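Each chain, written out:
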Amino acid sequence: MSSRRSFLAHALTLAGSAVGASGIFAASSALNGVESRTLTLLRKGYPNLIHDLTTDPDGLRKFLTIGESRARVPFEDGKAGKSFEELLENPDLAECVADPYPLDLNRTKWPVNFDPGRIRLDGFFRAIYGDSQNAVRAHLVTVDFCGHKVAFNRCNGAAEALARAGRKIASLVEADPKLKPHVETLGGTFAWRTIEGTSRLSAHSFAVSIDLNPSLGAYWRWSKGASLEEMKLRKAYPVSIVSAFESEGFIWGGKWYHFDLMHFEYRPEYFG
Ligand SMILES: [Zn+2]
């Protein structure tokens, strides 16, 4: 989708070449603004897990080595003109972080297909959090979240971030009991499964997501007839809970056009 690429070029040239001087990426050719921004966000969000950037001999494709296994994942695949569905199915890392995550809800309609964080590269999550169900299981620790014992991935500080968010939310609930139903019942954390209606792995597979009370957090697929642009549902959700999560590096599915209001996901790259 050329308009998307244009948006990227426009929005990201501001980032300049802040990363290129580090030396670690010397194997790569010069970085454009999109690439520099992507690397900066990933290096801040995943310290010590982002390694070498290399370029194919033809200069069209760039790859990043990631994680302890040094998995090589597409950083810039050189494919322009992807449809929204193609971006969901087969993104590169630059496309995964292209949409800036907004900290507010100050708009009258949610932009069509604006889903910051919903475009995910499976290989990236596998490299950071575990390449199989058993590998993820080996990284699970138990976190106390508002009185529940939940399993979360300890890699890259995810479990510690959830514990901190949980303490903040427990204090909020104590001060305002109206919030309690949101955390009295949880939808869950770890489940090695695909996203409903797709063959893509859910972020729950990597134990970096938590669903609060599903009956109080609408999901677009279950909300037949709802307008996905509508702000009412999003604005009705407790902003204090959302802010507590965001302050610890979690994005909220309420800030997706394809909304998932119960869903919070550890994505520290969005808060660099
Ligand atoms: Zn979820």
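Residues numbered from 1 in each chain as written. Predicted model: local features only at pLDDT ≥ 70, side-chain atom pairs only at ≥ 80, totals over all residues.

Trainee: Account for helix α10 (residues 239-246), naming residues and giving values.
Mentor: Inspection of α10 places Ile241, Val242, Ala244 and Phe245 among the buried residues, and these make up the whole buried set. Each buried residue of α10 sits inside an arc of 160° when the element is viewed along its axis, so together they form one side. (Buried ≥ 20, exposed ≤ 12 C-beta atoms within 10 Å, placed from the backbone. Helix = DSSP H or I, 4+ residues; strand = E, 2+ residues; numbered from the N terminus. Arc of directions from axis to C-beta.)

Trainee: Outline the environment of Leu162, supporting the account with residue identities and numerical values.
Mentor: As for its position among the elements, Leu162 is in helix α7 (residues 158-175). Looking at Leu162, the number of C-beta atoms within 10 Å reads 28, which means it is buried. When the C-alpha atoms of Leu162 and Gly249 are compared, they prove to be 9.0 Å apart, with 87 residues separating the residues in sequence. Leave out the neighbours within four places in its chain, and Leu162 touches Val143, Phe145, Phe152 and Ile210. (Contact = placed C-beta atoms within 7 Å.)

Trainee: Describe the nonpolar core, and please don't skip the residues or the numbers.
Mentor: Judged by nonpolar contacts, the single largest core of 57 residues is most densely connected at Leu93, Tyr129, Ala158, Leu162 and Phe245. Take this core: its biggest share by element is seven residues, from α7. Looking at this core, you find at least three residues from each of domain 1 (2-96) and domain 2 (122-271). When neighbours within four sequence positions are excluded, Tyr129 is seen to be in contact with Val136, His139, Asn153, Cys155, Phe206, Ala207 and Val208. (Core = buried A, V, L, I, M, F, W, Y, C linked by C-beta atoms within 7 Å. Domains from an automatic or database assignment.)

Trainee: Describe the sheet that holds strand β2 (residues 62-66), with residues and values.
Mentor: On the basis of which strands lie adjacent, the open sheet formed by three strands has the order β1-β2-β3 and antiparallel pairing. Here the strands that pair on one side only, and so sit at the sheet edges, are β1 (50-55) and β3 (71-76). Across this sheet, the average inter-strand angle for adjacent strands is 30°, counted without regard to direction. The sheet contact formed by β1 and β2 spans four bridges and is antiparallel. In the strand pairing of β2, Thr54 is matched with Phe63. (Pairing = 2+ DSSP bridges. Axes fitted to C-alpha atoms, helices over the stretch in contact; angles between N-to-C directions.)

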